[in-house]
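Overview (structure and organization)
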Amino acid sequence: MKKIIGSILAGVMLLSMSTVCFAAESDVDTLSTEPTDERIYVISDESLTTNKGAREPSWGKGTLYTSNPLFSKPSGYAETTTYAGTAYSMYALLQLIDADGISYLSDKPYAYNTTSVRTSTLLSPTSRCSFHGSHGIQATSTSGWQTTHTQKFID
């Protein structure tokens, strides 16, 4: 009987040590400041570009992609794409506001004669934040801009 109880105690001790090691390993991974390739980004918001006051069809759309892993901080990026053909000029911009009210801006890439443009990925330092995308397409050098905005709040 004592051998059985001793074996059970030894087994429980081994299991608890491996759990502690696993937790420590997991804590180290969550301290990463760069998003990993294993993140899954989903479409959080999508909006058609429009030209205020003009009655013309939309030239494209703005899309906001976010990832909110269970044991990590949220991240996201913005993308602007045309529906067909190339645009003379286009841009995308992403703003991240963390839980402390601190605002971060992505680069604002302008692309010429292309079908899409994408911002860099922003990684939130807090688990609660909001992402705000600004998107714009100019069909020709003499046309106006069609713009739109996207957003996602993460609690």
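Here, the structure is the one placed above.
The notes below deal with the structure included here. All figures in this text were calculated on a predicted structure; none of them were measured in a lab.

Quick look at the environment of Leu123 now. You can see Leu123 is positioned in strand β8 (residues 122–123). Leu123 sits in the partly exposed class, given a relative accessible area of 22%. Taking C-alpha positions, Leu123 is 9.8 Å from Asp98, a pair spaced 25 residues apart along the chain.

Attention shifts here to the nonpolar core. Core analysis: the biggest nonpolar cluster contains eight residues, these being Leu64, Ala78, Leu94, Leu96, Leu122, Cys129, Phe131 and Ile154. Contributing elements (two or more residues each) for this core: β4 (87–98) and β9 (129–138). In this view, Ile154 contacts Thr66, Asn68, Pro74, Ser127, Arg128, Cys129 and Phe131; residues no more than four positions away in its chain are not counted. Formed by seven residues, the second largest nonpolar core is a distinct cluster that contains Trp59, Ala87, Ala92 and Ala111.

Pairing of side chains with opposite charge becomes possible as their charged atoms draw close. One pass over the full model with this rule turns up two salt bridges. A salt bridge links Lys61 to Glu46, with the nearest nitrogen and oxygen atoms 3.2 Å apart. Of this pair, Lys61 sits in strand β2 (residues 60–67) while Glu46 sits in strand β1 (residues 42–48), and the two are 15 residues apart along the sequence. Classification of Lys61 by relative accessible area gives partly exposed; the value is 25%. Judged by relative accessible area, which is 39%, Glu46 ranks as partly exposed.

Turning our attention to the side chain of Thr63. Here Thr63 lies in strand β2. For Thr63, a relative accessible area of 2% gives the class buried. There is a polar contact of 3.2 Å between the side chain of Thr63 and the side chain of Glu46. Not counting residues within four places of it along the chain, the set of residues in contact with Thr63 comprises Ile43, Asp45, Glu46, Tyr77, Ala78, Glu79, His135 and Thr150.

What counts, and where the lines are drawn
- Residues numbered from 1 in each chain as written.
- Predicted model: local features only at pLDDT ≥ 70, side-chain atom pairs only at ≥ 80, totals over all residues.
- Heavy atoms only, no water.
- Helix = DSSP H or I, 4+ residues; strand = E, 2+ residues; numbered from the N terminus.
- Buried < 20%, exposed > 50% of the residue type's maximum accessible area, 1.4 Å probe, protein only.
- Core = buried A, V, L, I, M, F, W, Y, C linked by side-chain atoms within 4.5 Å.
- Contact = heavy atoms within 4.5 Å.
- Salt bridge = Lys/Arg side-chain N within 4 Å of Asp/Glu carboxyl O.
- Polar contact = N/O pair within 3.5 Å; in protein donor to acceptor, adjacent residues only side chain to side chain.

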